[in-house]
Amino acid sequence: MKPTDIGNPDYFHKVVDCQWACPAHTPVPEYIRLIAAGRYGDAYMVNWKSNVFPGILGRTCDRPCEPACRRSRVEDGTSKEPVAICRLKRVAADYKEDIRDRLPKPATQTNGKRVACIGAGPASLTVARDLAPLGYEVVVYDGDSRAGGMIRSQIPKFRLPEEVIDEEVGYILDLGVEFRGGAYVSSLKQLLAEKYDAVFVGCGAPRGRDLDIPGRKEASANIRIGIDWLSSVSFGHTTKIGKRVIVLGGGNTAMDCCRSSKRLGGDDVKVIVRSGFEEMKASPWEKEDAMHEGIPILNFLVPKAFTHDQGKLTGVTFEKVQAVYDAKGRRQLLPTNEPDQHFECDDVLVAVGQENAFPWIERDAGLEFDKNGMPKLDPVTLQSTLPHVFFGGDSALGPKNIIWAVAHGHDAAISIDRLLNGEDVAKRPPPMVNLMSQKMGIHEWSYDNDITLDQRFKVPWRDVNQTLKNIKVEVELGFDLKTAFKEAQRCLNCDVQTVFTTKLCIECDACVDICPMDCITFTKNGAEGELRTRLMAPAGNLTQDLYVSDALKTGRVMVKDEDVCLHCSLCAERCPTGAWDMQKFLLDMTNAGPACRDPRKPALKVA
């Protein structure tokens, strides 16, 4: 097998899985160590630099980092749970000191360039956060009177309190950003006529999909589109619902609809889904939360008709289906030929998906759209076919989640900054990477390498009888400081990595003897498939690369299976020659600003 230099930065890119799984590349182990040290403000600022909304995301993130957490690969027992990365983010937000003096200050003078952001959701706010301190005049438009976009309008307050939104949105608007609330943009051409140097479209995916089945028009008074209904609830326009409620759909919006219904008068609330339970798009914890509140989820039922009595909704008729897979693993939902099922109800909430809607973008404005009505974009730069118009968040590549919107905002801000400074937008600045030894002295390290055996701690809830009475009472209480410390101690410090120096190794095998996971092997080299079977512990996870040294003096090689390494540093402590070291990988993603452009080039004024 070809040797892999485990001392070079590419090695660390591959093994700090949680940071690379996060679209915003938040340095997860770094802020978790800070939480364990009681430095909550520092942990918050590490988060704020990359993901912009630590308190919001600490409650609502879809957690793409957690499936990548290596704790679940090495843990004994049946739980195999990752570190509670998301909920630890909330700890930093809940227990931080006042950090306002650590935030960027509004620019003392402008650079003469104006940027319009359409929509005040997470993508646009990230663009504003990145560009305003650089001297750009950023104007954010939104049809709602308060900024936040879907964060404010579609996430129920029992999951995300209003004061958390106000705080973190306020940090951005206080940077000198001009927010024009209640200013719905009805014409792109009209906006372009105002001579903005760049325009960012972050209006989300504001249109919920409907169901065109018999009875839809006749019973329309009691059939609502889920995201529209959630917005109406959020802004206080809707305060009650019928006793019997059916929610159609299996995503997170459906979970928010059913749980909100339970709080607004729904006694008999059901979620009915056409797919199987495991195939539902809702996050596993969102489904668990709904069921914990007594809401059943019924699967493999396809709605056929809304029943009504002279226009008054009486129920929904469903066809029973089953999943059938062909030889290539493709799924079809086919009728079981069982009798149709009818469920009585007073109201139906349709949450079967969202799609983009751009009625305000004239088709002769210079933008090109694909056959699905989506703007044609460069997927990296997010630049449209109209060079100074950029997209991000759900409006760019379809509905995803908040952390993806933040990542798009960072990328678009870089593109705008480079464009308006005469740079090639397609050339993206590389991140800054540093490797630093963590050895401070003999048997002394700068981090706690004692691996706790605790399994994942549960976030406590308020009593369900209390939370179901008030839609604004937050359900999750968050970790207290004692539990937060214990959960933080479960982190394996994946950014503090073993680095092996071939020329210093005397092949004493001391590291092999002391390794608690048998992940280090000295052996003859060979083809990867065969080599994996000859290790101290066979390496069966083919998605994780093996790391192989150059040839040692005996002709053997050192092979390390990163998949199960605990980063305990025992190999480095035991090594008599210092061939092993523990080095911290620090990744600093480049944001908009001088670091992302060539200062020798003059700024470009876009007409």
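Keep in mind that this is a model prediction, so the values were computed, not measured.

### Here's the deal with empty space enclosed by the protein
Point 1. Counted by the stated rule, this structure contains seven cavities of 30 Å³ or more.
Point 2. One number sums up the size of the largest cavity: a volume of about 110 Å³.
Point 3. If you go around the largest cavity, the residues you meet are Arg59, Arg87, Arg90, Phe158, Arg159, Arg259, Glu286, Asp289, Glu474, Val475 and Glu476.
Point 4. Of all elements in the fold, only α7 (85–95) and α14 (284–292) reach the threshold of two or more residues within the lining of the largest cavity.
Point 5. Grouping the amino acids of the lining of the largest cavity by side-chain chemistry returns two nonpolar, no polar and nine charged.
Point 6. There is about 90 Å³ of room inside the second largest cavity.
Point 7. Around the second largest cavity, the lining is made up of 16 residues, and of these Cys515, Cys519, Cys565, Cys568 and Cys571 lie nearest the centre.
Point 8. Among the elements of the structure, α19 (510–514) and α21 (570–574) are those that each provide at least two residues to the lining of the second largest cavity.
Point 9. When its residues are assigned to classes, the lining of the second largest cavity shows 12 nonpolar, three polar and one charged.

### Remarks on the pattern of salt bridges
Point 1. For the structure shown, the criterion picks out 47 salt bridges.
Point 2. Of the charged contacts, one joins arginine 73 and aspartate 563 as a salt bridge, the two residues approaching to 2.7 Å between their closest N and O atoms. Highlighted residues: arginine 73 in helix α6 (residues 71–74) and aspartate 563 in the loop between β23 (557–561) and α21, separated in sequence by 490 residues.
Point 3. On the basis of relative accessibility, which here comes to 10%, the residue aspartate 563 falls in the buried class.
Point 4. Glutamate 178 serves as the salt-bridge partner of arginine 180, at 2.8 Å between the closest nitrogen and oxygen.

### Some remarks on the sheet that holds strand β20 (residues 496–500)
Point 1. The strand order β17-β24-β20 describes an open sheet built from three strands, whose pairing is antiparallel. Only two strands of the sheet have a single neighbouring strand rather than two, namely β17 (432–437) and β20. Ignoring which end each strand starts from, the neighbouring axes of this sheet average 40° apart.
Point 2. Two strands pair when backbone bridges link them, and β20 and strand β24 (residues 580–588) are joined in this way by five bridges, in the antiparallel orientation. What sits directly across from phenylalanine 500, in β24, is tryptophan 580.

### Some details on α14
Point 1. Considered for burial, the residues of α14 that qualify are Trp285, Glu286, Lys287, Asp289 and Ala290.
Point 2. Just downstream of α14, glycine 294 is the residue with a positive phi angle, here 80°.

### A look at helix α12 (residues 226–234)
Point 1. Of all nine residues in α12, seven are buried; the element is thus mostly enclosed.
Point 2. Taken together, the buried positions of α12 are Gly226, Ile227, Trp229, Leu230, Ser231, Ser232 and Val233.
Point 3. On the buried face of α12, the contacting elements are α9 (150–153), β5 (207–208), β6 (223–225), α13 (252–263), β14 (347–350) and β15 (354–355).

### Structural notes on the environment of serine 145
Point 1. Looking at where serine 145 falls in the secondary structure, it is placed in the loop between β2 (137–142) and α9.
Point 2. Given the relative accessible area of 58%, serine 145 is considered exposed.
Point 3. Separated by 37 residues in sequence, serine 145 and glycine 182 have C-alpha atoms that sit 4.6 Å apart.
Point 4. Once residues lying within four places of it in the same chain are set aside, the contact partners of serine 145 are Phe179, Gly181 and Gly182.

About the thresholds
- Residues numbered from 1 in each chain as written.
- Predicted model: local features only at pLDDT ≥ 70, side-chain atom pairs only at ≥ 80, totals over all residues.
- Heavy atoms only, no water.
- 1 Å grid on protein atoms, 1.4 Å probe; cavity = no way out; pocket = protein on both sides within 12 Å on 5 of 7 lines; lining within 4 Å.
- Points joined across faces, edges and corners; volume = space filled by probe spheres on them.
- Helix = DSSP H or I, 4+ residues; strand = E, 2+ residues; numbered from the N terminus.
- Nonpolar A, V, L, I, M, F, W, Y, C, P; charged D, E, K, R; others polar.
- Salt bridge = Lys/Arg side-chain N within 4 Å of Asp/Glu carboxyl O.
- Buried < 20%, exposed > 50% of the residue type's maximum accessible area, 1.4 Å probe, protein only.
- Pairing = 2+ DSSP bridges.
- Axes fitted to C-alpha atoms, helices over the stretch in contact; angles between N-to-C directions.
- Contact = heavy atoms within 4.5 Å.

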